[in-house]
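Understanding the architecture of this molecule
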Amino acid sequence: MARFQQKVVVITGAGSGIGEAAAQRFAREGASVVLVGRTAEKLEKTLTTLTQGDHLVAPCDVADAGQVQALARKVQDKYGRVDVLVNNAGIIVQGRIHEIALEDWKKLMGVDLNGVFHCVHYFMPALLKTKGNVVNISSVSGLGGDWGMSVYNAAKGAVTNFTRSLAMDYGADGVRVNAVCPGLTMTDLTEGMKDDPQLLNKFYERIPLNRAGEPEDIANAIAFIASDDARYITGVNLPVDGGIMASNGQPKQA
Ligand code: NAP
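This report concerns the structure included in the present document. (Residues numbered from 1 in each chain as written. Predicted model: local features only at pLDDT ≥ 70, side-chain atom pairs only at ≥ 80, totals over all residues. Heavy atoms only, no water.)

Some remarks on the packing of aromatic side chains
Scanning all chains against the criterion turns up one aromatic pair. Centre to centre, the rings of Phe4 and Phe26 are 4.7 Å apart; their planes meet at 70 degrees, and the pair counts as edge-to-face. Taken together, the residues span a long stretch of sequence, with Phe4 in the segment before strand E1 (8-12) and Phe26 in helix H1 (residues 17-28) at a distance of 22 residues. Across this residue pair, the class does not change: Phe4 and Phe26 are buried. A cation sits over an aromatic face here: Lys78 above Tyr79, 5.1 Å from the ring centre. (Phe/Tyr/Trp six-rings, centres within 6.5 Å; stacked < 30°, edge-to-face > 60°. Helix = DSSP H or I, 4+ residues; strand = E, 2+ residues; numbered from the N terminus. Buried < 20%, exposed > 50% of the residue type's maximum accessible area, 1.4 Å probe, protein only. Lys NZ or Arg CZ within 6 Å of the ring centre and 35° of its normal.)

Considerations on empty space enclosed by the protein
In this structure the tally under the stated criterion is one cavity of 30 Å³ or more. By volume, the largest cavity amounts to about 40 Å³. Lining of the largest cavity is provided by Thr12, Val62, Asn87, Asn88, Ala89, Val111, Gly115, Val116 and Cys119. Top contributing element to the lining of the largest cavity by residue count: helix H4 (residues 102-130), with four residues. Classifying every residue of the lining of the largest cavity by side-chain character gives five nonpolar, four polar and no charged. (1 Å grid on protein atoms, 1.4 Å probe; cavity = no way out; pocket = protein on both sides within 12 Å on 5 of 7 lines; lining within 4 Å. Points joined across faces, edges and corners; volume = space filled by probe spheres on them. Nonpolar A, V, L, I, M, F, W, Y, C, P; charged D, E, K, R; others polar.)

A look at the pattern of salt bridges
One pass over the full model with this rule turns up seven salt bridges. Arg3 is paired through a salt bridge with Asp229; the nearest N and O atoms lie 2.9 Å apart. Taken together, the residues span a long stretch of sequence, with Arg3 in the segment before E1 and Asp229 in the loop between helix H7 (215-226) and strand E7 (237-240) at a distance of 226 residues. In this structure Arg3 comes out as partly exposed when scored by relative accessible area, which is 21%. Since its relative accessible area comes to 51%, Asp229 is described here as exposed. Taking the shortest distance from any N to any O, the salt bridge between Asp83 and Arg81 comes out at 2.6 Å. Judged by relative accessible area, Arg81 falls into the partly exposed class, the value being 32%. (Salt bridge = Lys/Arg side-chain N within 4 Å of Asp/Glu carboxyl O.)

This is how it looks when you write it as C-alpha cells:
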C-alpha cells in the first residue's frame, strides 16, 4: 500500500513507542515524515529506521507555543504543505489528586492538552489548504475513569471532546479530525510494568484479546484513520484496546 505518496505527515512524540511505529508505517506508505520530539538523538534514531523519503528531524517541545509556531513555519518552508498531523506526544502522572504537586498537573496539561492545542492551532491553516486531517492520540483513559490517573484522564478526556468539536468546526472545509484511543500498549510509558507480572495480569484480565497492544497495533489504526480509506469518518474516538471498552472493564470470569 502507498496511501501517503506525496503527502507530508507531522508526528509529535516520534522518537519512541507509538509515534516511532507510526512514523515507520507512514514512511513505508510513501509519506515524507516530520519527526517531532524534544530529544534530537531519539528522533535521529527513528530516522535511521525509516524507508527512504524526504523526512525531517524537528526537535520541538509541544508545550511551548513559540516552538510549535516556528515548527509550523519550518515545515511550510521545506515542503509547502501538510497533509496529516498526528498529535501523539504525551507524558503520564499517577497518584491521587491530593498527592499530586501543582507543578506536575501543569506539566502534564502543558504537553498532553496544551501541546495538542498548539499543534492544531498552528498547523490548521496548512491543513485547510490540503483538506488534510488530524489524528489525536487520546487513550481509553479519555473515555472513562481509571484509578490513580485523574490528571492524565482529565487531559485525555479533554482531547476526546476537543476532537469531536474540531470535527464539527472543520468538516465543511474538508478537514477531518479523529482520535485513536489506545489501551495498554508496551512502550517506554509503560516500561515499569514489564517487571511486575502481577500488575500486568491484573490488566490482562480486563483485555478480551488477552494481551497488551504493540505500538504497531496502534500505528495501523492511525494510518487507517489518516488515509482516504477513512474519508467519511470524522469526530470519532476509536478505541484500539484489545476490547477493553467493550468489556466495560469487567475482569474475565473464571
Ligand atoms: P513514549 O514512548 O513515552 O512516547 C512519548 C513521546 O512523546 C516520547 O518520544 C517523548 O519524547 C515525546 N514527548 C514527551 N513530551 C514532549 C514534549 N513536551 N514535546 C514533544 N514531544 C514530547 O509513550 P507512548 O506510549 O508511545 O505514548 C504515545 C501516546 O500514546 C501518548 O500520548 C500516550 O498518552 C498515548 N497512550 C499510550 C498508552 C500506552 O499504554 N503506552 C495508552 C494510551 C495512550 P521526548 O521526551 O524526547 O520529547
